[in-house]
Amino acid sequence: MDSINLVKGYGKVHDLELQDQSPNPNTKKYTTKQKSLLRAVSILAIFLMSLTLGSLFGLLVHEYTTEPPESPTSNSADSIIIKAVCNVTRYPDSCFSTITSLSSSSSPKPTDPEAIFKLSIRVSIAELSNFKTIISNSNEAGAMVDCQSQIEDALSRLNDSVVAMEVGPGEKVLTESKIKDLQTWISAAMTDQETCLDGLEEMGSTALDEVKTKMQRSKEYISNCLAILANIHTLLHNFHMSLH
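Residues numbered from 1 in each chain as written. Predicted model: local features only at pLDDT ≥ 70, side-chain atom pairs only at ≥ 80, totals over all residues. Heavy atoms only, no water.

**Q** Looking at this model, I keep getting lost on unusual backbone geometry. Mind explaining?
**A** Among all residues except glycine, the phi angle is most often negative; among peptide bonds, the trans geometry is most common. For H240, which is not glycine, the phi torsion reads 60° and is therefore positive. Examined against the element boundaries, H240 turns out to sit in the segment after α11 (232-238). Overall, the relative accessible area of 59% leaves H240 in the exposed class. (Helix = DSSP H or I, 4+ residues; strand = E, 2+ residues; numbered from the N terminus. Buried < 20%, exposed > 50% of the residue type's maximum accessible area, 1.4 Å probe, protein only.)

**Q** Teacher, can you tell me more about empty space enclosed by the protein here?
**A** Within this structure, the stated rule accounts for 1 cavity of 30 Å³ or more. Reported here for the largest cavity is a volume of approximately 40 Å³. Lining the largest cavity are C95, T98, I99, S120, V123, S124, Y221 and N224. Of all elements in the fold, only α6 (92-103), α7 (113-136) and α10 (208-230) reach the threshold of two or more residues within the lining of the largest cavity. Across the lining of the largest cavity, the residue classes tally to 4 nonpolar, 4 polar and no charged. (1 Å grid on protein atoms, 1.4 Å probe; cavity = no way out; pocket = protein on both sides within 12 Å on 5 of 7 lines; lining within 4 Å. Points joined across faces, edges and corners; volume = space filled by probe spheres on them. Nonpolar A, V, L, I, M, F, W, Y, C, P; charged D, E, K, R; others polar.)

**Q** Is there a simple way to think about the state of the cysteines in this case?
**A** As used in these notes, a disulfide is a covalent bond between sulfur atoms, one from each of two cysteines. Applying the stated rule across the entire model yields 2 disulfides. With a sulfur-sulfur separation of 2.1 Å, C86 is cross-linked through a disulfide to C95. Taking the sign of the S-S torsion, about -70° here, the bridge from C86 to C95 comes out left-handed. Per residue, the accessibility class of C86 equals that of C95, and both read buried. Here C147 connects covalently by a disulfide to C196, the sulfurs 1.8 Å from one another. Its torsion about the S-S bond being -60°, the disulfide of C147 and C196 is classed as left-handed. In this pair, C147 is assigned in helix α8 (residues 145-164) and C196 in helix α9 (residues 176-203), connecting sequence segments 49 residues apart. The same class applies to C147 and to C196, which are both buried. (Disulfide = S-S within 2.5 Å.)

Set out below in structure tokens:
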């Protein structure tokens, strides 16, 4: 599908974060402060490119919401809205498959972008918890102490995000102030993951490459959360909704 190919191309903007560069003796080594600045710039790039993608997929979402499905079952309706939301992310395939799997056991079923965003956070928590268990059982337990601390902090921020969206009758799941808080917490969770890797690299840990590989899925899922949140206003508008 052309729209999905467009989204996959978005990954090129953020190669700094995702590609493992081969060591080069002539390559400049960045200080911790410089790495923090690079991470901040990278996360900002996610927001900016996500907003652009939201506009590009506006017509696609409009088509989904204005043309009746050939087979108007609840399952197909769920798939349509999940796919439309996931199309604003850098990893639409993993976004769609994981959220669809989780939504199948959710009650009530997700019917709008806000509910799907919340599911994307739950997917991230589940994967990050799994990653924490893996590094806890690593043969390099000593080297993983700081990394585990960073991952625990990331999990705490994601759990805070879910709690913030648990509301009572008459309260809004998302407000403008909540969106700002959520962006801060989820971005910090992404930074925690990078800090974990930086620490292992500085220590010269032999487990660095393995940890990077096993962390990749949780990084993708958290990136998806940020992309959905960055486009939440556009998505709601295209589905003829507002913050609620």
